Amino acid sequence: MTHVKRTRTVLGLTMAAAMIALTACGGGDDSSAAGGDTSESTSQEASAPELEGIPDVVAEVNGEEVTKDEFAPIYQAQLEQATTQAEQMGGEAPDEAALQKQTADNLVDTELLAQEAESRGLEVSDEDVDAELTALAEQNQLGSAEELLAALEQQGTTEEQARAQLETQVMVEQLVDDEAGPAEVTDKELRTLYRQAVQQQEQMAQQGGQQQEIPPFADVKPQLVEQAESQRVGTVAQTLVEQLRKDADITINL
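All of these numbers come straight from a predicted model, not from anything done at the bench. By convention here, each chain's residues receive numbers from 1 onward along its written sequence. Local features in this predicted model are restricted to residues of pLDDT 70 or higher, and side-chain atom pairs are both shown and tallied only at a pLDDT of 80 or more, whereas totals for entire chains, interfaces and linings draw on every residue. Hydrogens and water molecules were not included; the side-chain quantities draw on all heavy atoms of the structure.

Teacher, can you tell me more about the nonpolar core here?
Soluble, globular proteins show a tendency: their nonpolar side chains are buried together. Note on terminology: a nonpolar core comprises buried Ala, Val, Leu, Ile, Met, Phe, Trp, Tyr and Cys residues joined through side-chain atoms within 4.5 Å. Each residue is assigned to one of three classes by its accessible area relative to the maximum for its type, calculated with a 1.4 Å probe on protein chains only: buried under 20%, partly exposed between the two thresholds, exposed over 50%. Counting residues in hydrophobic clusters, the biggest one holds 44 residues, and the most contacted among them are Phe-71, Leu-113, Leu-133, Leu-148 and Val-172. Sorting the residues of this core by element identifies β1 (57-61), α4 (68-89), α5 (96-119), α6 (126-139), α7 (145-154), α8 (159-180) and α10 (217-247) as the ones contributing at least two each. With 8 residues, α5 is the largest single contributor of residues to this core. Helix and strand labels come from DSSP, where a helix needs a run of H or I of at least four residues and a strand needs a run of E of at least two; each type is numbered from the N terminus.

Right under this line is the structure:
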């Protein structure tokens, strides 16, 4: 049994970035899934962050420490994601100081949620994580969880990191269900999300960015359901975090 309180990853960060990459290549282009683009690899290496000024203890949350070793890989992933987005949109390089603060805040929020989950007796088992891995593999048209982990490994996410990320995700989903109960997604919500995706691609094209063709609504409906459920989890979790922060003892050392 995995103890939720020791989970220390940011919900929807590394895993979400990797899933977007897998979905973009349709799960069927081995060269893309395996990170065959050496220019992308070079770009990621060039964006390696400067961490000399980061303290050994980045933050303390109700007596629990968030360390530099925990902070560094998550900050690296956020910086790479922000750099890639800036390149695609033709914008300025990300503000590393602001990104460091955002990463620390996200880690604090995740720790607060983990502590709250523990106080409610919620636990995430290895079987829960295995089930989530299998579901993600199916969503990305991969034959097994092992294939998914191999693809993620090629993109720089280790199995340990992936499982930790999913443990956090499942923990927060359990906490949200305990807080707000289950919710059904309506077709109206899904069509709104679809229109937003189409409009976003049109805006990117107008700004000179890369545009991806959006498949018909029926073809992407399962992904839209996942997106709607993720947004609900994020909204409820953020409201809960705001409540928890009011009574928490938090110190950020950046």
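Quick question: what am I supposed to make of the pattern of salt bridges here?
Where charged atoms of side chains with opposite charge meet at close range, the side chains can pair. Here, a salt bridge means any side-chain nitrogen of Lys or Arg that lies within 4 Å of a carboxyl oxygen of Asp or Glu. Using the criterion set out here, one finds 9 salt bridges in the structure. Of the charged contacts in the structure, one is a salt bridge between Asp-109 and Arg-245, with a shortest N-O distance of 2.8 Å. In this pair, Asp-109 sits in helix α5 while Arg-245 sits in helix α10, placing the two residues 136 residues apart along the sequence. Note on Asp-109: relative accessible area 13%, which makes it buried.

Is there a simple way to explain the pairing of β1 in this structure?
Within a regular strand, side chains alternate between the sheet's two faces. Bridge analysis of β1 against strand β2 (residues 64-67) gives 4 bridges, and the strand direction is antiparallel. If you follow Val-61 over to β2, its bridge partner there is Glu-64. Two strands form a pair only when DSSP identifies at least two bridges running between them. Count of turn residues in the β1/β2 antiparallel hairpin: 2 residues, of which Asn-62 carries a positive phi of about 50°. By the bridge criterion, 3 bridges tie β1 to strand β3 (residues 250-252) in an arrangement that is antiparallel. Paired with Ala-59 across the strands is Ile-252, a residue of β3.

When you look at α4 in this model, what are you seeing that I'm missing?
Because an α-helix completes one turn every 3.6 residues, residues spaced three or four positions apart along the sequence face the same direction. Counted at 1.5 Å a residue, the expected span for α4 with its 22 residues is 32 Å, and the 31 Å between its end C-alpha atoms agrees. Among all positions of α4, only Phe-71, Ala-72, Ile-74, Tyr-75, Ala-77, Gln-78, Leu-79, Glu-80, Ala-82, Thr-83 and Ala-86 are buried. Immediately beyond the C-terminal end of α4, within one or two residues, lies Gly-90, with a positive phi of roughly 70°. The length a helix should cover is 1.5 Å for every residue beyond the first.

Where do I start with the sheet that holds β3 in this structure?
Backbone hydrogen bonds are what pair the strands of a sheet, in a parallel or an antiparallel way. Here we have 3 strands laid out as an open sheet, ordered β2-β1-β3, and antiparallel in their pairing. A strand with exactly one partner marks an edge of an open sheet, and here the two such strands are β2 and β3. Between one strand axis and the next, the sheet turns through 20° on average, direction left out of account. Should any heavy atoms of two residues lie within 4.5 Å, those residues are counted as being in contact. Every angle, taken between N-to-C directions, lies between 0 and 180 degrees, and every axis is a line fitted to C-alpha atoms, over only the stretch in contact when it is a helix. Set on the sheet, α4 makes contact with β1 and β2; between it and β2 the angle comes to about 50°.

Which parts of the structure should I look at to understand the packing of aromatic side chains?
What describes a pair of aromatic rings is the distance from one ring centre to the other and the angle between the planes of the rings. Centres within 6.5 Å are what make two rings of Phe, Tyr or Trp a pair, Trp counting through its six-membered ring; a difference in plane orientation under 30 degrees is then read as stacked, over 60 as edge-to-face, and the rest as tilted. Applying the stated rule across the entire model yields 2 aromatic pairs. Relative to Tyr-75, the ring of Phe-71 has its centre 5.5 Å away and its plane inclined at 20°; by these criteria the two rings are stacked. Of this pair, Phe-71 and Tyr-75 both sit in helix α4, 4 residues apart, roughly one helical turn. As far as burial versus exposure is concerned, Phe-71 and Tyr-75 are alike and both buried. Ring plane angle 90° and centroid distance 5.7 Å describe the contact between Tyr-194 and Phe-217, whose orientation is recorded as edge-to-face.

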